[in-house]
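# Topology and contacts: notes
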Amino acid sequence: MPPSALEQLTRLNIEYPMIFKLTNKKTKRITHCGVLEFVADEGRVYLPHWMMTNLVVEEGALLQIESVSLPVATFSKFQPLSEDFLDITNPKAVLENCLRNFSCLTTGDVIAIKYNSKVYELCVLETKPGNAVIIIECDMNPYVRGIPDYDYVIGTLRFIRNSRPPSAKEETPSEPFTAFKGEGFTLRTAKSKN
């Protein structure tokens, strides 16, 4: 975005992190994003190619940009557009790591992530608590093993994020830790005098 946008946003006392709603009025397509830096030429914004594809917009087209406040994510569900993504040894860890480069997600968007010099595209199938959510400083809620997911669709990855602080019950151990607790034993046997 141009430096003049930063000046105007600073005067408006907007909420941080800065999140923007981008609208292509011709196609009625909407997405959300953060801002990397304020160094663009006046009257211009620069978007990644995958975001332009989501908005169905070409270079030089007009976009409506407005500052918005989004809820923090508690759940997100993705579907890779290529089977190649599932060939990665640990696709969940790769996705978690790549999502650090994103400030927000919008349901229906196709995001592009780069791993091992290859670009993978994933569709954002669902986000909670809203259709657009902030994913900055979200904690991952651990998956409980042994409970089958009867709604699982092959080729999808689900991430359940929880931003609530742990309860007092989880923080306090049931028995306090004591160092060197236990009994000692000797392995020597007494020598008999003959």
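That block above? That's the structure.
The structure displayed is predicted, hence computed values, not measured ones.

The subject of this paragraph is the overall build of the protein. When you go through the protein residue by residue, the secondary structure sums to 4 helices and 9 strands. A total of 194 residues make up the protein; the buried ones form 32% of that total. In the protein, 67% of the contacts between residues at least 6 apart in sequence involve partners at least 24 apart. Counting only carbon and sulfur atoms, one obtains 52% of the accessible surface of the protein, whose full area is about 14,400 Å².

What follows deals with the layout of surface pockets. Gaps between atoms show up when a probe of the same size as a water molecule is rolled over them. Of the voids in this model, the largest pocket is the one considered here, and its volume is about 760 Å³. Around the largest pocket sit 33 residues that line it, and C33, G34, V35, L36 and P48 are the ones nearest its centre. For the lining of the largest pocket, the secondary structure elements donating two or more residues are β1 (19–24), β2 (29–33), α2 (49–55), β5 (104–106) and β6 (110–115). Among the residues forming the lining of the largest pocket, the class breakdown is 24 nonpolar, 6 polar and 3 charged.

The subject of this paragraph is the state of the cysteines. Here the structure, examined in full by the defined rule, presents 0 disulfides. C33 provides the cysteine sulfur closest to C104, a residue in no disulfide bond, and the two sulfurs are 6.3 Å apart.

Counted according to the given criterion, the structure contains 2 salt bridges. A salt bridge links K118 to D84; the shortest N-O distance between them is 2.8 Å. Here K118 is found in strand β7 (residues 118–128), whereas its partner D84 is found in the loop between β4 (75–80) and α3 (91–98), with 34 residues between them in sequence. With relative accessibility at 34%, the residue D84 sits in the partly exposed group. Residue K128 is joined to E126 by a salt bridge in which the shortest nitrogen-to-oxygen separation is 3.7 Å.

β4 sits mainly inside the fold: 5 of its 6 residues count as buried. Sheet topology places β4 next to β7; 6 bridges connect them, and they run antiparallel. For P80, the partnering residue across the bridge sits in β7 and is L122.

Attention shifts here to the pairing of β7. The two faces of the sheet receive side chains in turn, since in a regular strand these alternate between them. Alignment of β6 against β7, held across 6 bridges, turns out to be antiparallel. Residue pairing in the sheet places A112 in a bridge with E121 of β7. Between the end of β6 and the start of β7, which pair antiparallel, lie 2 residues, with N116 showing a positive phi angle near 50°.

Turning our attention to the packing of aromatic side chains. Tallying each qualifying case throughout the model produces 2 aromatic pairs. Pairing W50 with F102 gives two aromatic rings, centres 5.6 Å apart and planes at 50°, and the pair type is tilted. In this pair, W50 sits in helix α2 while F102 sits in the loop between α3 and β5, placing the two residues 52 residues apart along the sequence. No difference in accessibility class separates W50 from F102, as the two residues are buried. Centre to centre, the rings of F85 and Y120 are 5.6 Å apart; their planes meet at 70°, and the pair counts as edge-to-face. Remark: Y120 occurs in strand β7 and F85 occurs in the loop between β4 and α3; sequence separation between them is 35 residues. Residue class for Y120 comes out buried when judged on its relative accessible area of 10%.

The rules we used
Residues numbered from 1 in each chain as written. Predicted model: local features only at pLDDT ≥ 70, side-chain atom pairs only at ≥ 80, totals over all residues. Heavy atoms only, no water. Helix = DSSP H or I, 4+ residues; strand = E, 2+ residues; numbered from the N terminus. Buried < 20%, exposed > 50% of the residue type's maximum accessible area, 1.4 Å probe, protein only. Contact = heavy atoms within 4.5 Å. Areas by Shrake-Rupley, 256 points an atom, 1.4 Å probe, with all protein chains shown as cover. 1 Å grid on protein atoms, 1.4 Å probe; cavity = no way out; pocket = protein on both sides within 12 Å on 5 of 7 lines; lining within 4 Å. Points joined across faces, edges and corners; volume = space filled by probe spheres on them. Nonpolar A, V, L, I, M, F, W, Y, C, P; charged D, E, K, R; others polar. Disulfide = S-S within 2.5 Å. Salt bridge = Lys/Arg side-chain N within 4 Å of Asp/Glu carboxyl O. Pairing = 2+ DSSP bridges. Phe/Tyr/Trp six-rings, centres within 6.5 Å; stacked < 30°, edge-to-face > 60°.

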